[in-house]
Amino acid sequence: MLGAAIYRFIGREEVQQQRTNSTLRLLLPAGTRIYVQRRSGGWRQGGGRRYYGYRREGRVVCQNAMNLLANVRGNSKAGGRLLPPERTQWMDKILIGMGEQPVNLLAKYGNRHGLIAGATGTGKTISLMVLAEGFSRMGVPVFIADVKGDVAGLAMAGIANDKIQQRVAQIGIEGYVNEPSPVVFWDMFGAGGHRVRTTVSEIGPSLLGRILELNDIQEGVLEIAFKLADDQGLLLLDLDDLRALLTFVVEHRKEISSEYGLVSPPSVAAIQRALLTLEREGGEALFGEPAFELNELLRTGLNGRGMISILASDQLILKPRLYSSLLLWLLSELFENLPEVGDLDKPKLAFFFDEAHLLFDDAPPILRQRVEQVVRIIRSKGVGVYFCSQFPDDVPNEILGQLGNRIQHALRAYTPRDQKAVKTAAETFVANPKLDVAEVISQLGVGEALVSTLQEKGVPMPVERTIICPPSCRMGAVTPEERAAVRAGSPVGSKYDSAVNRESAYEILSRRTLEKGAGEAASKDTQTAKPSGRGGMIGDLLWGTKRRQGMVETFAKQAARTVGSTFGQQILRGVLGGILGGRRR
């Protein structure tokens, strides 16, 4: 049996090869010209069964498939050609490079997570590109944070040169071509891609406290404020909403402290100062609507390839906690909202977390525990997480143990810190009697790595010294004009370009303040009039006196409690404090 594979169509289309009862079916664009070849013959144009093939509405059926090679030349609109079967790359694995044998990452274990580590300038980005292209060809969407700007080269075809051709020949890559991948650019600031926004309510108090660098007491007050907003049904969309809520908390701190816990004005003031700092650094751009929808990360192109979502992070990385918290929020949202799917033939999403050490630097134990929980369970939801960092011990041991696919580039043991990292890397690989990992890891050249991936039955292969494949894309940054052209053709369109400001906590609390002021003024006017007799008694019953509240105020408070209780039942939070089950519209 030939199994299932993808013919790689060099142009705008892809077709699928499937072996069924000695029949080779090629799903092709309508109007494609078909050529078939007998082993001893030349190319003959299809169109009749005497040439072992015929075309019918874009579908070609070739009998005696084992004896045929197919070559497809596109029409003038599609362009390109189809590689013959023996040069077709099977789509159940990604060729990473060549050791003593080809080193592959199996698609069915792509959700078992991974690690790409190595010193600066040793080729980590190239390995990341090779994996991203491989997942995309399988039809798996990919998310990558582009810290240095060179990952954007995935959107452009590479340029063949002697060095690349030599590496291709050395590894023995069949059918290597320079081609771009389908890419969507994203940017929190909106300059390098589509805007990425979320709401304050969605990001939750835990991650927001980390972004604001609050201490435990201040984060506790923030938790109280969020709980109050959830119970009252107050949507926190942007920083204006959060400021209004904090002002409300201070004004009603006695009642809130008695019900939720002690709230001190100095702690609230510290939170407000942290918000000013975040706003001055541009962090307010993260909050607002339209909020980013997770389905954007799960797109596939019309040709079946997975879309590669690239988050421009060259400016975002200058605010390390904001960068790491944004990526952790995306990961936690996937964790909370994707359904359980078990082990699939290939992942639903590959998520690359570059500069992963920023996630764990100064992270409290509770946050590490929650990250470990997310990484451990998200595998069953079809998401593979790949951490990229300089040292393997940048990732805590409890999370490092979950990473089944590992690519370790060179480490230079110049300092005690480097020597510790070399020892950690050597101990985490499955031993290969032909390799002294601790020695080889400092001798690796650029474009070489020690690789171990999960093989059949999930067993890790012994570590191999591997020459990494060259990617098909450009190994470098894109120009602003090229980025603009990619963005103009994006399937996202202008969906996130314009901000939306709907009614939320700021507007609701402002209206309450105005109504309260108007009510107090009316009460003073009523008291000044000093009504008497039956009318005065009825007024006291309805509107109350200084010592007793009236029926109107009583009913209003009961209604507010009922509404607050209803919203409190709706707004539930997940493991990292985000809204459980998605945003509430």
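Owing to the predicted nature of the structure, the values given are computational and were not obtained by experimental measurement.

A. Focus on the overall build of the protein. The secondary structure content of the protein amounts to 17 helices and 22 strands. Out of the 585 residues in the protein, the part that is buried amounts to 52%. Counting contacts in the protein only where the partners sit at least 6 residues apart, residues at least 24 apart contribute 73% of the total. A total accessible area of about 27900 Å² is found for the protein, and carbon and sulfur atoms account for 51% of it.

B. Representation of the layout of surface pockets within the structure. Estimates place the volume of the second largest pocket at around 720 Å³. In terms of lining residues, the second largest pocket is bounded by 34 residues, among which Thr122, Gly123, Lys124, Ile126 and Val446 are the most central. For the lining of the second largest pocket, the elements supplying multiple residues, two or more each, are helix H1 (124-138), helix H2 (162-171) and strand E19 (383-389). In terms of residue class, the lining of the second largest pocket is made up of 13 nonpolar, 13 polar and eight charged.

C. Region of the structure containing helix H3 (residues 200-212). In this model H3 runs just 12 Å from its N-terminal to its C-terminal C-alpha over 13 residues, more than 12% under the 18 Å that 1.5 Å per residue would give. Ser206 marks where H3 bends most, by close to 70°. Extensive coverage of H3 is indicated by the burial of 13 of its 13 residues. Phi for Glu213, located one or two positions after H3, is positive at around 60°.

D. Structural context of unusual backbone geometry. Along the chain, Glu289 connects to Pro290 via a cis peptide bond; the corresponding omega equals 5°. With respect to the secondary-structure elements, Pro290 resides in the loop between helix H7 (265-280) and strand E17 (308-312). With a phi angle near 70°, His113 is a residue other than glycine that sits in the positive phi range. Mapped onto the elements, His113 comes out in the loop between strand E12 (102-106) and strand E13 (114-117). We classify His113 as buried; its relative accessible area is 2%. You will see that Glu355, though not glycine, has its phi angle at about 50°, which is positive. As for its placement among the helices and strands, Glu355 is situated in the loop between strand E18 (349-353) and helix H9 (357-360). Judged by relative accessible area, Glu355 falls into the partly exposed class, the value being 25%.

E. Highlighting the packing of aromatic side chains. Tallied over the full model, the rule gives ten aromatic pairs. Both rings, one in Phe352 and one in Tyr386, keep their centres 5.2 Å apart while their planes meet at 25°; by these two values the pair is stacked. Taken as a pair, Phe352 in strand E18 and Tyr386 in strand E19 lie far apart in primary sequence, 34 residues in all. By relative accessible area, Phe352 is classed as buried at 1%. When its relative accessible area of 1% is taken as the criterion, Tyr386 is described as buried.

F. Looking closely at the nonpolar core. In this structure, Leu208, Leu242, Tyr323, Phe351 and Phe387 are the most contacted members of the largest nonpolar core, which totals 85 residues. A per-element tally of this core places helix H8 (residues 320-337) first, with ten residues. Filtering out sequence-adjacent residues up to four positions away, Phe351 remains in contact with Phe143, Leu327, Leu330, Leu331, Leu334, Val383, Gly384, Val385 and Tyr386. Ranked by size, the runner-up nonpolar core spans 37 residues in total, among them Val142, Ala152, Met156 and Val486.

G. Just the sheet that holds E12, in detail. The sheet built from twelve strands is open, its strands ordered E12-E11-E22-E21-E20-E13-E19-E18-E14-E17-E15-E16 with mixed pairing. Each edge of the sheet is formed by a strand with only one pairing partner; in this case those strands are E12 and strand E16 (194-195).

H. The arrangement of the pairing of strand E15 (residues 183-187) in detail. Counting buried positions along E15 gives five out of five residues, so the element sits mostly inside the fold. A two-sided burial pattern is seen for E15, the buried positions comprising Val183, Phe185 and Asp187 on one face and Val184 and Trp186 on the other. Where E15 and E17 come together, five bridges link them in parallel fashion. Among the inter-strand pairings, Val183 is bridged to a residue of E17, identified as Ile308.

I. Focus on the environment of Pro396. Of note, Pro396 is situated in the loop between E19 and helix H11 (397-400). Each C-alpha atom, one on Pro396 and one on Arg368, is 8.2 Å from the other, the two residues being 28 residues apart in sequence. If we skip the residues at most four places from it in the chain, Pro396 touches Phe360 and Arg368.

J. Structural context of the environment of Gly192. On the secondary structure map, Gly192 appears in the loop between E15 and E16. In this structure the C-alpha to C-alpha distance between Gly192 and Asp314, which are 122 residues apart in sequence, comes to 9.8 Å. In contact with Gly192, other than residues within four places in its own chain, are Phe185, Asp187 and Arg483.

K. Highlighting the environment of Arg321. Here Arg321 is to be found in helix H8. Along the backbone, Arg321 and Asp361 are 40 residues apart, and their C-alpha atoms lie at a distance of 9.0 Å. Apart from the residues lying within four places of it in its own chain, the contact partners of Arg321 are Arg210, Ile211, Glu213 and Asp362.

L. Layout of a negative patch on the surface. On the surface, a cluster of negative charge is made up of Glu213, Glu281, Asp361 and Asp362. Take Glu281: it is sitting in the loop between H7 and E17. Given the relative accessible area of 42%, Glu281 is considered partly exposed.

M. Main features of the pairing of strand E21 (residues 448-452). Most of E21 is tucked away, with five of its five residues classed as buried. Two elements, strand E20 (residues 405-408) and E21, share three bridges in a ladder whose sense is antiparallel. Its bridge partner lying in E21, Arg406 is registered against Ser452. Where E21 meets strand E22 (residues 464-468), four bridges bridge the pair, whose relative direction is antiparallel. Bridging from a neighbouring strand, Ala449 pairs with Thr466 of E22.

N. Summary view of the side chain of Asp146. Tracing the chain through its elements places Asp146 in strand E14 (residues 142-146). The charged side chain of Asp146 is buried without a salt bridge, its nearest counter-charge being Arg483 at 4.7 Å. At 2.8 Å, the side chain of Asp146 forms a polar contact with the backbone nitrogen of Gly149. Separated by 3.4 Å, the side chain of Asp146 and the backbone nitrogen of Asp150 make a polar contact. Ignoring any residue separated from it by four or fewer positions in sequence, one finds Asp146 in contact with Val151, Ala152, Ile310, Leu311, Ala312, Ser313 and Asp314.

What counts and how
- Residues numbered from 1 in each chain as written.
- Predicted model: local features only at pLDDT ≥ 70, side-chain atom pairs only at ≥ 80, totals over all residues.
- Heavy atoms only, no water.
- Helix = DSSP H or I, 4+ residues; strand = E, 2+ residues; numbered from the N terminus.
- Buried < 20%, exposed > 50% of the residue type's maximum accessible area, 1.4 Å probe, protein only.
- Contact = heavy atoms within 4.5 Å.
- Areas by Shrake-Rupley, 256 points an atom, 1.4 Å probe, with all protein chains shown as cover.
- 1 Å grid on protein atoms, 1.4 Å probe; cavity = no way out; pocket = protein on both sides within 12 Å on 5 of 7 lines; lining within 4 Å.
- Points joined across faces, edges and corners; volume = space filled by probe spheres on them.
- Nonpolar A, V, L, I, M, F, W, Y, C, P; charged D, E, K, R; others polar.
- Expected span 1.5 Å × (residues − 1).
- Bend = angle between axes of the 7 residues up to and from the residue.
- Phe/Tyr/Trp six-rings, centres within 6.5 Å; stacked < 30°, edge-to-face > 60°.
- Core = buried A, V, L, I, M, F, W, Y, C linked by side-chain atoms within 4.5 Å.
- Pairing = 2+ DSSP bridges.
- Patch = residues over 30% accessible without salt bridge, like charges linked within 9 Å, V, L, I, M, F, W, Y side chains within 5 Å.
- Salt bridge = Lys/Arg side-chain N within 4 Å of Asp/Glu carboxyl O.
- Lys, Arg positive; Asp, Glu negative; His and termini not counted.
- Charge placed at Lys NZ, Arg CZ, Asp CG, Glu CD.
- Polar contact = N/O pair within 3.5 Å; in protein donor to acceptor, adjacent residues only side chain to side chain.

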